[in-house]
Structure formats: structure tokens, C-alpha cells
Amino acid sequence: AKASGRNNFQFYTAAMNGAIRDKLALREGLRHAVARGEFHLVYQPQVAMTSGQVTGVEALIRWQHPERGLVSPTEFIPLAEETGLIVPIGEWVLRTACFQNRAWQDAGLPAFNVAVNVSARQFRERTWIEQVDRALDDSGLDPRFLELELTESLIMEDLEKALLSMRTLQAMGVQLSIDDFGTGYSSLSALKRFPISRLKIDQGFVRGIPGDEEDKAIAKAIISLGHELDLKVIAEGVETLQQLAFLRANGCDEIQGYLFSPPVTPAECATLVNARFAV
Ligand code: C2E
Ligand code: CA
Ligand code: CA
Ligand code: CA
């Protein structure tokens, strides 16, 4: 084993160089991806537990890389955050989602929310509020049909400043929700000050239903906490009927997950919103 140590080291160095070169190439590609039209959005329905109807959709970005094919956002969003490229990319997402939702309404579809993920870097931009206002003005989307998904860590980075921005957005009529709830570290005293309308139970907890007692207890606690604070609670990553049954029994308001639909193209989405899911 000792004799091969040197070779192993060389192997790791070569692999590491490869990984770094890979990352640099990806970063370079990311720089031009908006201008080259390589991004598109897919939309995943959010279904009301009471009616089985779609009340909203979450916009999720996809990158069709010319050589690599589809690159996952879990791979390129962190890179976009490191480089600051998330700012123009995020603005493209926001605008595209607003224009798409307005186009659906103009096509005569029943009105529903479009939810957009927001990165800390975007939220901290001086021009952030203006970006949102411009996206709404230019698209003509009624602000109440735009929802912004924030994370606890984004808010807690600078609580007072975040609250100020959140109140401005709320005054504009935009809805706010907390994504991945339960994985961050916001205190309950901070939570009660958030001007939000919804909590999204992190899919990590949903995954443990029905086998994991702790995950079940946490999901249940998040639902009661949300309701005590007059918030709607949505569960994401719902894949099975057992998970659905547990969430229904515990009063969860909305469901998002592969059980009902993966994220789909705008055209597919337009047909899904007229469907009634079996909740
Ligand atoms: P997220 O915001 O928590 O989004 C939910 C992720 O779970 C999405 O992955 C979605 O496709 C996936 N998902 C939905 N239903 C199920 C299910 O039933 N089971 C499982 N296992 N997964 C499910 P996706 O699209 O790969 O996005 C990953 C993450 O990338 C997102 O997590 C979000 O943090 C980030 N992201 C995606 N689009 C954007 C964007 O436009 N802007 C920003 N800033 N981040 C984005
Ligand atoms: Ca999200
Ligand atoms: Ca305006
Ligand atoms: Ca999430």
C-alpha cells in the first residue's frame, strides 16, 4: 500500500486538476448562458389538499449546455452564487416567470401563483426591489400572483435589513414564503416577524414519512406552528400515497411533488392546471 502512495497522490492531483478545470469551464459557460439562450424554466404544480386543484407552480431553472446536455441547478446554482452570475441569471428567471404567468392568464387559464427561488446574493443587491417592480410592470402580472421563495438563512444573515425588504415587497402585493423550512436556524421570535404567507416543509422531512418517527413529529410540528401563525403550509418532495395520507391527516394545506407531477414545460403545465388531482 505504501509503494502505491505516490501514484495515488499523482492520481488524486490529476483528478483534482480535472475537477478544477471542469469547474472553470462550467463557470465560463455560465457567463454566456443567458445571452445564448441556454436556460429555460420548468414548472411544478402545487396542489391544494381540499380541492385537488393547482393553486400555484414553482419555477425551476434548467441549463441546456451545448456539449454537456442538461446540467442540474444543484451543480450550477452554487457556482452562479460564488461568481455573482446569479444576479443576472436570477433576474432572467424572475422576468421569465412573470411573463409566463401573465401569458397563461391571457390565454384564459384560471389564475394561480408562480413561485420563484431567490438567492441571498440577489436579495442583497441594491437594485433587487427595482428588479421585482420592473418584472411586474413589464409583464403586467398582478403582484399577488408572484411568490418569492426565501430561505431562513438568507433572512437571518441580516434580519433587520431583510425584514425591511420583505415589508416593501409585501406592500407591493408580492407573496413571500420560506423554502426548506426547518433546516435553517431562524428563531421562533424572528419567524413571527416575517411578513410571509407560507412555509414549505423541507423535503428532507417528507422523505422520512411514514418510517421515521422524528421526521413525522417535525412535519407535524411545522404544520401546527404554521397554522398558529396564520400561515399556509405546503409540503414538497411528496412522492407516495402514504406521505400524502399523513400530511392530509395532519392538516397540511398544499402538496408539491412527483406524486402529482414533476416539473414540466409551460405547455404541459397549462393542461395540468385544468386537472383535478386525487388528494
Ligand atoms: P428547491 O427550491 O428546494 O426545489 C425543489 C427541488 O426538488 C427541485 O429540484 C425539484 O425538481 C425537486 N423535486 C420536486 N418534487 C420532488 C419529489 O417528489 N422528489 C424529489 N426527490 N425531488 C423533487 P431542482 O429543479 O433540481 O432544483 C434544485 C435546487 O436548485 C432548488 O431546490 C433550488 O434551491 C435551486 N434552484 C432551482 N431553480 C432555481 C432558480 O431559478 N433560482 C435559484 N436561486 N435557485 C434555483
Ligand atoms: Ca424552492
Ligand atoms: Ca410599479
Ligand atoms: Ca425547497
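See the structure shown above.
Criteria and thresholds
- Residues numbered from 1 in each chain as written.
- Chains lettered and ligands numbered in written order.
- Predicted model: local features only at pLDDT ≥ 70, side-chain atom pairs only at ≥ 80, totals over all residues.
- Heavy atoms only, no water.
- Helix = DSSP H or I, 4+ residues; strand = E, 2+ residues; numbered from the N terminus.
- Rg over C-alpha atoms; globule rule 2.2 N^0.38 Å.
- Areas by Shrake-Rupley, 256 points an atom, 1.4 Å probe, with all protein chains shown as cover.
- Axes fitted to C-alpha atoms, helices over the stretch in contact; angles between N-to-C directions.
- Parallel < 35°, antiparallel > 145°, perpendicular 65-115°, else oblique.
- Left-handed = near helix turned anticlockwise from the far one by under 90°.
- Contact = heavy atoms within 4.5 Å.
- Nonpolar A, V, L, I, M, F, W, Y, C, P; charged D, E, K, R; others polar.
- Core = buried A, V, L, I, M, F, W, Y, C linked by side-chain atoms within 4.5 Å.
- Buried < 20%, exposed > 50% of the residue type's maximum accessible area, 1.4 Å probe, protein only.
- Salt bridge = Lys/Arg side-chain N within 4 Å of Asp/Glu carboxyl O.
- Donors = N, O, S within 2.8 Å, 3.2 Å for Na, K, Ca; no water.
- Near = heavy atom within 4 Å.
- Polar contact = N/O pair within 3.5 Å; in protein donor to acceptor, adjacent residues only side chain to side chain.

The next subject is the overall build of the protein. If you tally the helices and strands in the protein, you get 12 helices and 9 strands. Taking 279 residues into account, the globule formula puts the C-alpha radius of gyration at 19 Å, and the protein, at 20 Å, falls close to it. Dimensions of the protein, computed from the C-alpha atoms along their principal axes, are close to 65 × 50 × 40 Å. Carbon and sulfur atoms make up 53% of the accessible area of the protein, which totals about 13700 Å².

This next bit is on the packing of helix H3 (residues 86–106) against helix H5 (residues 128–139). When two helices pack together, their arrangement is given by the angle between the helix axes and by the axis-to-axis distance. Contact pair H3 / H5: the axes reach a minimum separation of 9 Å and the direction vectors enclose 30°. Relative to H5, the element H3 is oriented roughly parallel. Note on packing geometry: the crossing formed by H3 with H5 is right-handed. When H3 is examined against H5, the residues Val87, Glu91, Leu94, Arg95, Cys98, Phe99 and Arg102 are found in contact with a partner set consisting of Trp128, Gln131, Val132, Arg134, Ala135, Leu136, Asp138 and Ser139. Of the residues assigned to the contact of H3 with H5, the class counts are 8 nonpolar, 2 polar and 5 charged.

Take the nonpolar core next. By size, the foremost hydrophobic cluster in this structure holds 80 residues, and its most contacted members are Leu146, Leu148, Phe194 and Leu247. For this core, the leading source of residues is H3, giving 8 residues. With near-sequence residues (within four places) excluded, Leu148 lies in contact with Leu94, Val116, Val118, Trp128, Val132, Leu169, Val174, Gln175, Leu176 and Ser177.

Now for the environment of Leu94. Relative to the helices and strands, Leu94 is located in helix H3. Taking C-alpha positions, Leu94 is 8.9 Å from Ala59, a pair spaced 35 residues apart along the chain.

Turning to the pattern of salt bridges, a few remarks are in order. Enumeration according to the criterion identifies 16 salt bridges in this entry. Where Lys200 meets Glu58, a salt bridge forms, and the shortest distance between an N and an O atom there is 2.9 Å. Note that Lys200 is positioned in strand S7 (residues 198–201) and Glu58 in strand S2 (residues 54–65), a separation of 142 residues in sequence. Owing to a relative accessible area of 0%, Lys200 belongs among the buried residues under this scheme. Overall, the relative accessible area of 3% leaves Glu58 in the buried class. Of the charged contacts in the structure, one is a salt bridge between Glu91 and Arg134, with a shortest N-O distance of 3.4 Å. Note that Glu91 is positioned in helix H3 and Arg134 in helix H5, a separation of 43 residues in sequence. Judged by relative accessible area, which is 19%, Glu91 ranks as buried. What makes Arg134 partly exposed here is its relative accessible area of 37%. Linked by salt bridges that have partners in common, Glu58, Glu149, Lys200 and Glu236 make up one network.

Coordination of the calcium ion (ligand 4) by the protein comes from Asp179 (OD), Asp180 (OD), Glu236 (OE) and Glu236 (OE), over a distance range of 2.1 to 2.9 Å. When the donors of the calcium ion (ligand 4) are listed by position in the chain, the intervening gaps give D-D-x55-E. The two metals, the calcium ion (ligand 4) and the calcium ion (ligand 2), are separated by 3.9 Å and share Asp179 as a common coordinating residue. Placement of Asp179 in strand S6 (residues 175–181) and of Glu236 in strand S8 (residues 232–236) is noted, with a sequence separation of 57 residues between them. Glu236 matches Asp179 in its accessibility class, with the two residues each being buried.

Our focus in this paragraph is unusual backbone geometry. It is generally the case that most residues other than glycine have a negative phi and that most peptide bonds are trans. For the bond running from Ile209 to Pro210, omega is 5°, close enough to zero to count as cis. When you line up the elements, Pro210 lands in the loop between helix H9 (203–207) and helix H10 (213–228). Of note in the backbone geometry, Asp180 takes a positive phi value of approximately 55° without being a glycine. Of note, Asp180 is situated in strand S6. Here Asp230, not a glycine, exhibits a phi torsion of approximately 65°, which is positive.

Attention now goes to the site of ligand 1. Every one of the 21 residues lining ligand 1 counts as a neighbour, but Gln44, Arg62, Gln203, Glu239 and Tyr258 are closest to it. Ser119 has a polar side-chain atom sitting 3.1 Å from a nitrogen atom of ligand 1. Contact between ligand 1 and Gln203: an oxygen atom at 3.0 Å from a side-chain N or O atom of the residue. Within the complex, the protein chains bury 83% of what would otherwise be the 800 Å² of accessible surface of ligand 1. Of all the secondary structure elements, the ones that give two or more residues to the shell around ligand 1 are S2, helix H2 (73–83) and S6. When residues in the shell around ligand 1 are grouped by element, the largest group, 4 residues, is from S2. Taken together, the residues of the shell around ligand 1 sort by class into 8 nonpolar, 7 polar and 6 charged.

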